[in-house]
Structures are given as C-alpha cells and as structure tokens.
Amino acid sequence: DGYFEQVVRQCRYSSKDLHGIEFIDSYVFNKAEYVRFNSTVGKYVGYTEYGVKNAEVWNRDYLAQELGELERFCKYNADLHYGAILDKT
C-alpha cells in the first residue's frame, strides 16, 4: 500500500588514486530506476518515459550542479572511505 521513492548516491572507487572515482545519482520509484546521473557519462539518462522527460529538464537546469558532486561529495570524502573500508580489505 502506497508508493516508494528513493534516491541513491554512490561513489565508486576503482583505485586509490582520485582519477578512478565514479559518482552515480539514481532515482527510483517503486523499485524501478527511472533516471540516473553518471559522472562518467556526464549527464542524466532516463530509463522510463517519465525518466526521459526528467533527464531532458535536469540536463538543461541542473547539470552544472550535478557535475560538481564528484568533487564535492566523492573526492572530498575519499580519505574517509579509504581509511574505513578499502584499507581494511
């Protein structure tokens, strides 16, 4: 009963240097991802009709802000993540 909306923000680290970081921002409704920003792709991509419409608007209005999240969110916290997780494996 009801609806489920979720936003998942991920930093994927493929190496210890900061060049191997990928930022992913996913938007999910009722367990179906409808739009995603991937820093490697460099834009929002829609996976449903609703997601495609959102991606068009968000690429026009919010893309510059989203492109900065790799630096602000992932690279800023990389030392914390490396110390807590990656160095322990």
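Our structure is the block above this text.
Cut-offs and rules
- Every residue gets a number counted from 1 within its own chain, in the order that chain's sequence is written.
- Reporting in this predicted model follows two pLDDT cut-offs: at least 70 for local features of residues, and 80 or more for side-chain atom pairs to be given and counted; totals over whole chains, interfaces and linings ignore these cut-offs and use all residues.
- Excluding hydrogens and water, the side-chain values take into account all heavy atoms of the structure.
- Where helices and strands are cited, they refer to DSSP runs of H or I of at least four residues and of E of at least two residues respectively, numbered from the N terminus.
- Residue contacts are defined here by distance: any two heavy atoms, one from each residue, within 4.5 Å place the two residues in contact.
- Salt-bridge detection follows one rule: a side-chain nitrogen of Lys or Arg within 4 Å of a carboxyl oxygen of Asp or Glu.
- Note on exposure labels: buried denotes an accessible area under 20% of the residue type's maximum, exposed denotes more than 50%, and partly exposed covers the range between, all computed with a 1.4 Å probe on protein chains only.
- Any two strands with at least two DSSP bridges between them are considered paired.

> For this particular structure, what's the right way to read the side chain of Glu66?
With respect to the element layout, Glu66 can be found in helix α2 (residues 63–67). Excluding its chain neighbours within four sequence positions, the residues that come into contact with Glu66 are Arg9, Phe23, Asp25, Phe37 and Tyr44.

> Honestly, the pattern of salt bridges in this entry has me stumped. Any pointers?
Oppositely charged side chains are able to pair whenever their charged atoms sit close together. Within the structure shown, the criterion is met by eight salt bridges. One salt bridge connects Glu66 with Arg9, and the closest N-O pair in it is separated by 3.8 Å. Separated by 57 residues along the polypeptide, Glu66 in helix α2 and Arg9 in strand β1 (residues 5–13) bring together distant segments of the chain. Relative accessible area serves as the criterion here: at 6%, Glu66 is assigned to the buried category. With a shortest N-O distance of 3.3 Å, Arg9 and Glu69 are connected by a salt bridge. Here Glu69 lies in helix α3 (residues 69–84) and Arg9 lies in strand β1, a separation of 60 residues in the sequence. Among the residues examined, Arg9 registers a relative accessible area of 35% and is labelled partly exposed.

> Sorry if this is basic, but what is going on with the pairing of strand β2 (residues 21–29) here?
Remember that side chains alternate between the two faces of the sheet whenever the strand is regular. Extensive coverage of β2 is indicated by the burial of eight of its nine residues. Summarising the sheet, β1 and β2 pair through nine bridges and their orientation is antiparallel. Paired with Glu5 across the two strands is Phe29, which belongs to β2. For β2 and strand β3 (residues 32–38), the ladder comprises six bridges, and the chain directions are antiparallel.

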